[in-house]
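# Structural overview for review
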Amino acid sequence: MPHKVSPEDLNDDFSRHEKLVEIRKRRNVVVFERSANIYPRSPENYNSTTLFFYHGAGGTYKQFKSQITFLLGQGYRVVTCDMFAHGKSRCRVRPENYMFTFEQYCYDALKLFDRYCLNDQNVLIGHSYGTSLCTLVCNERKCRVKKLILLSGGGPYALAPENYSLFSLPASLLSCFKPLILKVFKEACFHSPVKRSSVPNSELLSIEIENLRQVMRGQKWDEGDEAYHALISCPVLLLVGRHDKFIPLADEMTMNLVISQSVLHILEGGHMLPIDCADEVNEIIASFLSNDADVHCKLHSKTIFKKPK
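Now for a quick tour of the structure. Owing to the predicted nature of the structure, the values given are computational and were not obtained by experimental measurement.

Calculation criteria
Residues numbered from 1 in each chain as written. Predicted model: local features only at pLDDT ≥ 70, side-chain atom pairs only at ≥ 80, totals over all residues. Heavy atoms only, no water. Helix = DSSP H or I, 4+ residues; strand = E, 2+ residues; numbered from the N terminus. Buried < 20%, exposed > 50% of the residue type's maximum accessible area, 1.4 Å probe, protein only. Contact = heavy atoms within 4.5 Å. Areas by Shrake-Rupley, 256 points an atom, 1.4 Å probe, with all protein chains shown as cover. Phe/Tyr/Trp six-rings, centres within 6.5 Å; stacked < 30°, edge-to-face > 60°. Core = buried A, V, L, I, M, F, W, Y, C linked by side-chain atoms within 4.5 Å. Pairing = 2+ DSSP bridges. Axes fitted to C-alpha atoms, helices over the stretch in contact; angles between N-to-C directions. Salt bridge = Lys/Arg side-chain N within 4 Å of Asp/Glu carboxyl O.

### Description of the overall build of the chain
Along the backbone of the chain there are 12 helices and 10 strands. By the burial criterion, 52% of the 309 residues in the chain qualify as buried. For the chain, restricting intrachain contacts to residue pairs at least 6 apart in sequence, the fraction spanning at least 24 positions comes to 79%. Summed over its atoms, the accessible surface of the chain is roughly 14,600 Å², and 53% of this surface lies on carbon and sulfur atoms.

### With respect to helix 8 (residues 209-217)
Among the nine residues of helix 8, seven are classified as buried, and the element is accordingly described as predominantly covered. Those residues of helix 8 not exposed but buried are I209, N211, L212, R213, Q214, V215 and M216. Contact partners of the buried residues in helix 8: helix 2 (102-116), helix 3 (129-140), helix 4 (171-176) and helix 5 (178-189).

### What to know about the packing of aromatic side chains
Per the stated rule, a full pass over the model turns up 11 aromatic pairs. Consider the rings of F53 and F64, whose centres lie 4.9 Å apart with planes at 50°: the pair is tilted. Note that F53 is positioned in strand 5 (residues 50-54) and F64 in the loop between strand 5 and helix 1 (65-73), a separation of 11 residues in sequence. Looking at F53, the relative accessible area reads 1%, which means it is buried. Judged by its relative accessible area of 1%, F64 is buried. For the ring pair F102 and W221, a centre distance of 5.0 Å and an interplane angle of 35° mean the geometry is tilted.

### Considering the nonpolar core
With 57 residues, the main nonpolar core has Y54, Y105, L124 and L148 as its most contacted residues. Ranked by the residues each element gives to this core, the list is headed by helix 2, at eight residues. Once you skip the residues sitting within four places of it in the chain, L148 turns out to touch L124, C134, C138, I232, C234, P235, V236, L237 and F288. Counting residues in each nonpolar core, the second largest holds 26 residues, with Y61, Y76, L239 and L289 among its members.

### Some points on the environment of L169
Looking at the element boundaries, L169 is found in the loop between strand 8 (145-151) and helix 4. With 41 residues separating them in the primary sequence, L169 and E210 have C-alpha atoms 10.0 Å apart. Not counting the four nearest positions on each side in its chain, L169 is found in contact with L174 and R213.

### Quick word on the sheet that holds strand 2 (residues 18-24)
Here we have eight strands laid out as an open sheet, ordered 2-3-6-5-7-8-9-10, and mixed in their pairing. Because the sheet does not close on itself, it has two edges, and the strands there are strand 2 and strand 10 (262-267). Between one strand axis and the next, the sheet turns through 20° on average, direction left out of account. Of the pairings in the sheet, the one linking strand 7 (residues 122-127) to strand 8 comprises six bridges and is parallel in character. Bridged to G126 within strand 8 is L150. Along the sheet, helix 10 (residues 249-258) makes contact with strand 9 (236-241) and strand 10, crossing strand 10 at roughly 160°.

### Description of the side chain of D108
By the element assignment, D108 lies in helix 2. Its relative accessible area of 8% is what places D108 among the buried residues. Among all residues touching D108, those that are not within four sequence positions of it are I23, R24, R27 and F84.

### Considering the pattern of salt bridges
If you walk through the whole model with that rule in mind, you get 10 salt bridges. Between R141 and D114 there is a salt bridge, and its shortest N-O distance comes to 2.9 Å. Within this pair, whereas R141 is found in the loop between helix 3 and strand 8, its partner D114 is found in helix 2, the two being separated by 27 residues in sequence. Note on D114: relative accessible area 31%, which makes it partly exposed. Its salt-bridge partner being R242, residue E268 comes within 2.6 Å of it at the nearest N-O pair. On the criterion of sequence distance, the pair formed by E268 in the loop between strand 10 and helix 11 (273-276) and R242 in the loop between strand 9 and helix 10 is long-range, its members being 26 residues apart.

Here it is as structure tokens:
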């Protein structure tokens, strides 16, 4: 019989369940993997649903701490990581611009999924930049993805680099303005002043400012348009904050129209929904996960994402 983890253990130090993994050559990431039930690790006898969390640019997986703790308590297995060069996944080689493109982070996301996926009962959960990673993994591994949950993701539009924004400034100048950037960003991310003050700056902006500059300049994904999002064939939960200063409600409503099996919830929060509206987000996700609709996938779906030459 599987052994249930006690409620007291759910709130222990997350670092006990972290491991440094070379997800790809020259790309090490810190992976968090934990199950609320202890099973022998093999696809034949592991029947639980696995939840894969993908955080946004600049952040860490700890932004999902409330959801991870809550859903472990519901009996789910959880897998997530700090993205390359974020949080504890420090860049241990000399950084080069190509390392921070959306394409490179997509390969990381696919590798994480392939390495820790045990069956076809998987759910992808993404926030902000992470929603695009989830969308790609969902379409590329659609027969192993059961459901998709996108928080503060925006509309079904192709990603374009921010060449004419704050991140177009030289890295040296950005470094000088880092305290101001962090203060303004923190003010804009949260609707709740209490939740805003509870988040350490190291979790909100966990990447070197010059590397974040390259992430924002490298977010190019021409294929991620309406046609690509319309290919999603599993049930999708969309969550957006009414007071989100980065994601217009109209964009999220368009996403709701484009994805055929999607449901949209508008919450009284800002961009950082996993923290701003943690309890409400937890309950909505739990309800969505427990609704086991029969979903069929096309076994011969076309693969859009191509491997590098």
